[in-house]
Amino acid sequence: MKEILNRQWWKEGIVYQIYPRSFQDTTGNGVGDIKGIIQRLDYIKSLGVDIIWLNPIYQSPNDDNGYDISDYRNIMAEFGTMEDFDSLLEGMKTRGLKLVMDLVVNHSSDEHYWFQESRKSRDNPYRDYYHWWPAEKGTPPKRWSYFDVDANAWKYDATTDAYYLHYFSVKQPDLNWENPKLRQEVYSLMNFWFEKGVDGFRMDVISFISKDPNFPEIPEKYNGNYVPFYAAGPRLHEFLHEMHTESLGKYDVMSVGEAPGVFLEDALNFVNEDREELNMFFHFDLMSLDRKEGEVFWMRDGNWKLSEFKKVHSNWDEVFAKKGWGSMFLSNHDFPRSNSRWGNDSAAHWYNSTTMLQTFLLSMRGTPYFYYGDEIGMTNIRFDKIEDYRDINTINRYELAKNNGESLEDFIANEKEASRDNARTPMQWDSSNHAGFTEVTPWIKVNKNYQEGITVADQEGDKDSVLSYFKRMTQLRKDHLTLVYGDYTLLQETNEQVYMYLRTWNKERYLVALNFSTKFSRIEIDEVSFEKGRLLISNDMDNAESLIPGTFLELQPYQAVIYSLE
Ligand code: GLC
């Protein structure tokens, strides 16, 4: 496949995301740690993944589980030491695994030295590392905050009689990228990690870093949905390009930005190689499909449609067909579990829907990102008491709902499906106490279904398990580069049950068919000649006879198949 231009390791690699707090505890404090990850490196390697993305492991008071960093060059004590980190990196290099860290530089912790200084006086040298609004100018123009109990992004600070900006919690003040000194600090800390041998960064809410320092009133069209406004900062692309020049461009590393508020029209401005900004980013079109319009955290009424799901992916594939590169994900630490959300985690459909979704991510163009536990089919925990939740997002919005006199029952009903804690429960290793994650009470409850076969130990030796299917599928992608780079063509566009597409490169052609429904489906295939197809993989062999290529295809509920076509 030498005609393929611009091959890159981060295009061919499969990413495995680890939420360190929930992966493996070795110190007996109920919190996962770096040594725990080291202990599991052989397991991770055996999955057939290539790149580990670690959620933040830097020093942090943990207001938002590490997304509030108080020292960018130190490791969170709960997770271990810099020595542990160095051993992790070494262990990964020995196994040919790459490491991507989380870069959180839209904001820091209020306990960071910079902020401690900044808030001391108006003429402190660190004052301009953050955004301040002097109180004598009156109340600052409205800015909405994700995690604030009043949803207000300005917090009054009496010491200097001024407000500081925080798009997230009050303990996450926004950094001022207008200040060239701050920008140099960021590039320097990035280079610090690159010099250690880190292979890239996932960049937290990177689309929000540029703000108009005059803080004009937000135009009316953004009322009720501030996110696109936050992502349209005047100097965003200038900063990203500068970051490339000062840091990213100097190393063989990957960069993937988290980009809420960035849509199709703007995509190439971030990842067109000629612009030298980022390699990839995560858009939110899929993540908002089952949410209320303009709402980040509220489920919509009624179900999402498969045609909408296909449309999102087809549109994004098209944007990156010639330039740039996409990222494919169905879940992460901010969203519910993928099978509970896009599949069906009832006993009858758990196996097929989990493996069907794996087949999907591993047969699309774009780098696939899996979240720890996806490989064994971990599901939503659906806490029904506020006391069980640990996420600042749920806890503070609960307070807000209470203060506004809203129904707390409705709130919890929504969180059961939508909350981030659904995806943060401990990794299910085996059927011993606490699923082998820890020996003490874990920081967040373990999903009880670790007693029903959803563990690594239960699935590892079983060739028909979800885990074994996952490994076959990662291998299949590796053996067929066309699944990585080939063109994507949607078939059966309006079919609301089955997602079907071709991946092609020169004479190689693969047909992927995924039943996204609880119903049996029969499809007449007239768009391609299917008779001479060869079945490469199926997640269900109960209907082996009907999988023989003919003029039609019959799929069981949530069945996934890939054929190679002549
Ligand atoms: C991103 C992270 C999320 C965090 C937020 C603030 O969205 O993925 O977990 O809470 O930024 O840092």
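Preceding this paragraph is the structure being described.
Just so we're clear, the structure is a prediction, and the values are computed from it rather than from any experiment.

(A) Summary view of the overall build of the protein chain. In terms of regular secondary structure, the protein chain is built from 17 helices and 20 strands. A globule of 566 residues ought to have a C-alpha radius of gyration of about 24 Å, and the protein chain, at 24 Å, matches this closely. Structurally, the protein chain occupies a C-alpha span of about 75 × 50 × 50 Å along its principal axes. The buried share of the protein chain, taken over its 566 residues, is 62%. Partitioning the contacts of the protein chain with sequence separation of at least 6, the portion at a separation of at least 24 is 70%. Total accessible area on the protein chain stands at roughly 21,800 Å², and carbon and sulfur atoms take up 47% of it. When the 62 positive and 90 negative side-chain charges of the protein chain are each reduced to one mean point, those points stand 2 Å apart.

(B) Geometry of the nonpolar core. Residues I44 and F309 are the most contacted members of the largest nonpolar core, which totals 169 residues. If you tally residues by element for this core, the top one is helix α6 (residues 180-196), at seven residues. L502, V528, L553 and V561 belong to the second largest nonpolar core, which has 16 residues in total.

(C) Structural view of the pattern of salt bridges. According to the stated counting rule, one finds 41 salt bridges in the structure shown. E308 is the partner of R300 in a salt bridge, and the nearest nitrogen-oxygen pair spans 3.2 Å. The class for E308 is partly exposed, based on a relative accessible area of 25%. Across the pair R382 and E417 runs a salt bridge, and its minimum N-O distance is 2.9 Å. With R382 in the loop between β13 (367-371) and α13 (392-403) and E417 in helix α14 (residues 408-418), this pair connects stretches of sequence that are 35 residues apart.

(D) Broad picture of the site of the ligand. Around the ligand sit 14 residues in total, of which D64, H107, D204, H333 and D334 are the nearest. Contacts to the ligand include H107, whose side-chain N or O atom sits 2.9 Å from an oxygen atom. A distance of 3.0 Å is found between an oxygen atom of the ligand and a side-chain nitrogen or oxygen belonging to R420. Contact with the protein chains hides 96% of the accessible area of the ligand, taken as 310 Å² for the molecule alone. The site holding the ligand turns out to be the largest pocket. Here the residues of the shell around the ligand sort into four nonpolar, three polar and seven charged.

(E) Structural context of empty space enclosed by the protein. Tallied over the full model, the rule gives three cavities of 30 Å³ or more. By volume, the largest cavity amounts to about 200 Å³. Around the largest cavity, the lining comprises 16 residues; the ones closest to its centre are H283, W316, G326, S327 and M328. Where the lining of the largest cavity is concerned, the elements lending two or more residues are α10 (306-319) and β12 (327-329). Considered class by class, the residues forming the lining of the largest cavity number nine nonpolar, five polar and two charged. A volume near 60 Å³ is recorded for the second largest cavity. Of all the secondary-structure elements, those providing two or more residues to the lining of the second largest cavity are α11 (338-342) and α12 (350-361). Per element, the largest residue contribution to the lining of the second largest cavity is four residues, and it comes from α12. Classifying every residue of the lining of the second largest cavity gives four nonpolar, four polar and one charged.

(F) View of the layout of surface pockets. Considering only enclosed or pocket space, the largest pocket measures out at about 750 Å³ in volume. Lining the largest pocket are 33 residues, and of these V227, F284, S288, E295 and V296 sit closest to its centre. Looking at the lining of the largest pocket residue by residue, the classes come out as 14 nonpolar, seven polar and twelve charged.

(G) Local environment of α10. For α10, which comprises 14 residues, the first-to-last C-alpha distance of 20 Å matches the rise-based estimate of 20 Å (1.5 Å per residue) to within 8%. Among the residues of α10, L306, F309, K310, V312, H313, S314, W316 and D317 are the ones counted as buried.

(H) Looking closely at the pairing of strand β2 (residues 51-54). Of the two faces of β2, the one carrying I51 and W53 and the one carrying I52 and L54 are both buried. Looking at chain direction, strand β1 (residues 15-18) and β2 are connected through four bridges and run parallel. Directly across from Y16, in β2, lies its bridge partner I52. Of the pairings in the sheet, the one linking β2 to strand β5 (residues 98-103) comprises three bridges and is parallel in character. When the sheet's bridge partners are listed, I51 is paired in β5 with K98.

(I) A look at the packing of helix α4 (residues 82-94) against α6. Where α4 meets α6, the closest approach of the two axes is 11 Å, and the angle between their N-to-C directions is 55°. Relative to α6, α4 is oriented oblique. When α4 is examined against α6, the residues M82, F85, D86 and L89 are found in contact with a partner set consisting of F192, W193 and K196. A breakdown of the residues in the contact of α4 with α6 according to their chemical character gives five nonpolar, no polar and two charged.

Cut-offs and rules
- Residues numbered from 1 in each chain as written.
- Predicted model: local features only at pLDDT ≥ 70, side-chain atom pairs only at ≥ 80, totals over all residues.
- Heavy atoms only, no water.
- Helix = DSSP H or I, 4+ residues; strand = E, 2+ residues; numbered from the N terminus.
- Rg over C-alpha atoms; globule rule 2.2 N^0.38 Å.
- Buried < 20%, exposed > 50% of the residue type's maximum accessible area, 1.4 Å probe, protein only.
- Contact = heavy atoms within 4.5 Å.
- Areas by Shrake-Rupley, 256 points an atom, 1.4 Å probe, with all protein chains shown as cover.
- Lys, Arg positive; Asp, Glu negative; His and termini not counted.
- Charge placed at Lys NZ, Arg CZ, Asp CG, Glu CD.
- Core = buried A, V, L, I, M, F, W, Y, C linked by side-chain atoms within 4.5 Å.
- Salt bridge = Lys/Arg side-chain N within 4 Å of Asp/Glu carboxyl O.
- Near = heavy atom within 4 Å.
- Polar contact = N/O pair within 3.5 Å; in protein donor to acceptor, adjacent residues only side chain to side chain.
- 1 Å grid on protein atoms, 1.4 Å probe; cavity = no way out; pocket = protein on both sides within 12 Å on 5 of 7 lines; lining within 4 Å.
- Sits in = over half its atoms within 2 Å of the grid points.
- Nonpolar A, V, L, I, M, F, W, Y, C, P; charged D, E, K, R; others polar.
- Points joined across faces, edges and corners; volume = space filled by probe spheres on them.
- Expected span 1.5 Å × (residues − 1).
- Pairing = 2+ DSSP bridges.
- Axes fitted to C-alpha atoms, helices over the stretch in contact; angles between N-to-C directions.
- Parallel < 35°, antiparallel > 145°, perpendicular 65-115°, else oblique.

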